[in-house]
Amino acid sequence: MGKMLGWAALWLAWLYGVVIATFSGGAAAAAALPLVVVAYLVGAQIYGLFKFWRMYRILTVYPWRQQPDGVHADQRRSRWARAKFVLPNPDQPERTESPEEHGGLFRIWDRVVRKGFHDELWYAGDPRFACVVAKPGPKTLSYVAQPTAYDHRTSPRRKGLSPEARRRARAIGARVAD
């Protein structure tokens, strides 16, 4: 929150400087590039705050669980290895689900699996919807989700859910069909 407010304050200060420079005949075009960069950083902090809120909701509803070999490198998708999560379905443990980490180029877990992660994965949540995943220690705490969990352009999950799973999914804000 402090970072977001700091970037927003810097953006407003720079905007004030650009407006003053424009009216005084200064180089407003050169000052516009940092204005765009700082606006991007403010947006990234707001997105981070949004992810933090979802992680908070998940951690208040679901307990932490351990999963041996819960993440490994999936090298089919790109030139570099990407993290692929393999977590058990809570209602049918013989089946697995693979939620995805979002974040474009800045995925924490892609770097972790490239370095060779062979420990237990800790996760909280329902892998059919969304989870918080971590290895022991605070640096890799991350948010992963199924594409259908929150996207209103897709149909919500209907089959294979117990009443308890539906209640918990609704508690974290995921989309569940009746």
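Use the structure listed above.
Residues numbered from 1 in each chain as written. Predicted model: local features only at pLDDT ≥ 70, side-chain atom pairs only at ≥ 80, totals over all residues. Heavy atoms only, no water.

Engineer: I keep staring at the nonpolar core and nothing clicks. Help me out?
Structural biologist: If you look at soluble globular proteins, the nonpolar side chains tend to sit buried side by side. Counting 17 residues, the largest nonpolar core has Ile58, Phe129, Ala130, Tyr143, Tyr150, Ile172 and Ala174 as its most contacted members. When contributions to this core are tallied by element, the ones reaching two or more residues are α2 (28–61), β8 (130–134), β9 (142–145) and α4 (163–171). What Phe129 contacts, discounting residues up to four positions off in sequence, is Ala145, Gln146, Ala149, Arg157, Leu161, Ala169, Ala174, Arg175 and Val176. One finds Val71, Ala83, Val113 and Val144 within the second-largest nonpolar core, a separate group that totals 13 residues. (Core = buried A, V, L, I, M, F, W, Y, C linked by side-chain atoms within 4.5 Å. Buried < 20%, exposed > 50% of the residue type's maximum accessible area, 1.4 Å probe, protein only. Helix = DSSP H or I, 4+ residues; strand = E, 2+ residues; numbered from the N terminus. Contact = heavy atoms within 4.5 Å.)

Engineer: How should the sheet that holds strand β1 (residues 64–67) be read in this particular structure?
Structural biologist: To summarise the sheet geometry, strands pair through backbone hydrogen bonds and adopt either a parallel or an antiparallel arrangement. Spatial ordering of the open sheet is given by β1-β7-β8-β9-β6, a layout of five strands whose pairing is antiparallel. Every other strand in the sheet has two partners, leaving β1 and β6 (100–101) as the edge strands with one partner each. Where β8 and β9 come together, four bridges link them in antiparallel fashion. Across the sheet, Ala130 pairs through a bridge with Ala145, a residue of β9. (Pairing = 2+ DSSP bridges.)

Engineer: What is the right way to read the pattern of salt bridges from this model?
Structural biologist: Once the charged atoms of two side chains with opposite charge are near each other, the side chains can pair. On inspection of all chains with the given rule, the structure shows four salt bridges. A salt bridge links Asp126 to Arg128, with the nearest nitrogen and oxygen atoms 2.7 Å apart. Across the pair Glu164 and Arg167 runs a salt bridge whose closest N-O atoms are separated by 2.6 Å. Taken together, the positions of Glu164 and Arg167, both in helix α4 and three residues apart, correspond to about one turn of that helix. Judged by relative accessible area, Glu164 falls into the partly exposed class, the value being 37%. Salt bridges sharing partners connect three or more residues here, namely Asp91, Asp126 and Arg128. (Salt bridge = Lys/Arg side-chain N within 4 Å of Asp/Glu carboxyl O.)

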